[in-house]
Amino acid sequence: MPIPSLPAEGGCRCGRVRLRISAKPLLTMACHCTGCQKMSSSAYSLSAAIPADGFEITKGEPVIGGLHGASKHYFCGYCMSWMFTRPEGLDWFVNLRPTMLDDPAWFTPFVETWTSEKLPWAETPALHSYAALSAFEEYDGLVAEYAKSQA
Ligand SMILES: [Zn+2]
Ligand SMILES: [Zn+2]
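Residues numbered from 1 in each chain as written. Chains lettered and ligands numbered in written order. Predicted model: local features only at pLDDT ≥ 70, side-chain atom pairs only at ≥ 80, totals over all residues. Heavy atoms only, no water.

(A) Representation of the overall build of the protein chain. The number of helices and strands found in the protein chain is two helices and 11 strands. Mapped from its N terminus to its C terminus, the protein chain presents α and β elements in the order β-β-β-α-β-β-β-β-β-β-β-β-α. Here the protein chain has a C-alpha radius of gyration of 15 Å; the compact-globule value for 151 residues is 15 Å, and the two agree. Taking the principal axes of its C-alpha atoms as reference, the protein chain extends roughly 35 × 35 × 30 Å. Within the protein chain, contacts between residues separated by at least 24 positions form 58% of all contacts whose residues are at least 6 apart in sequence. Carbon and sulfur atoms make up 56% of the accessible area of the protein chain, which totals about 8,100 Å². (Helix = DSSP H or I, 4+ residues; strand = E, 2+ residues; numbered from the N terminus. Rg over C-alpha atoms; globule rule 2.2 N^0.38 Å. Contact = heavy atoms within 4.5 Å. Areas by Shrake-Rupley, 256 points an atom, 1.4 Å probe, with all protein chains shown as cover.)

Dropping the structure here:
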């Protein structure tokens, strides 16, 4: 389902950090890797890749969590919701956890990654599955196909 209207607002569990997106996702994803299993306290994480210039924090100040490595994972410092990720070396988009949005019902993962680490029962409706990550060269094609599917 395409995102119904922009801008769209969202926030963490407690509301101390609020955000707004004013651009459509480039791609939507589920990641089954064990790191995402731990950080999401669940079977997989969800991401909507939002162009960086269409993403803003409108209230509060998220803090860095996870491994504090080159990819920056941002959390609410009070309720500790895992809100979004700025992936290493990919500063033109932000991977937003779509359940932070006030209305996440439109979200469906288009791509799933790290199925080699998934829990045996975990399934998603993603059209493209990768045992690890998709190859970097495939990215543009996936973005184009996703845009077409949302038209
Ligand atoms: Zn919070
Ligand atoms: Zn992951």
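(B) Layout of the coordination of the zinc ion (ligand 1). Within the protein, the atoms that donate to the zinc ion (ligand 1) are C12 (SG), C14 (SG), C76 (SG) and C79 (SG), at distances of 2.3 Å. Note that the zinc ion (ligand 1) binds four donor atoms; their angles at the metal cover 106 to 115°, and the shape is tetrahedral. Donor residues binding the zinc ion (ligand 1) come from one chain and are separated in sequence as C-x1-C-x61-C-x2-C. Placement of the pair is C14 in the loop between β1 (8-11) and β2 (18-21) and C79 in the loop between β7 (72-75) and β8 (82-86), with a sequence separation of 65 residues. Looking at C14, the relative accessible area reads 30%, which means it is partly exposed. (Donors = N, O, S within 2.8 Å, 3.2 Å for Na, K, Ca; no water. Tetrahedral: all angles 85-135°; square planar, octahedral: opposite > 155°, others 65-115°. Buried < 20%, exposed > 50% of the residue type's maximum accessible area, 1.4 Å probe, protein only.)

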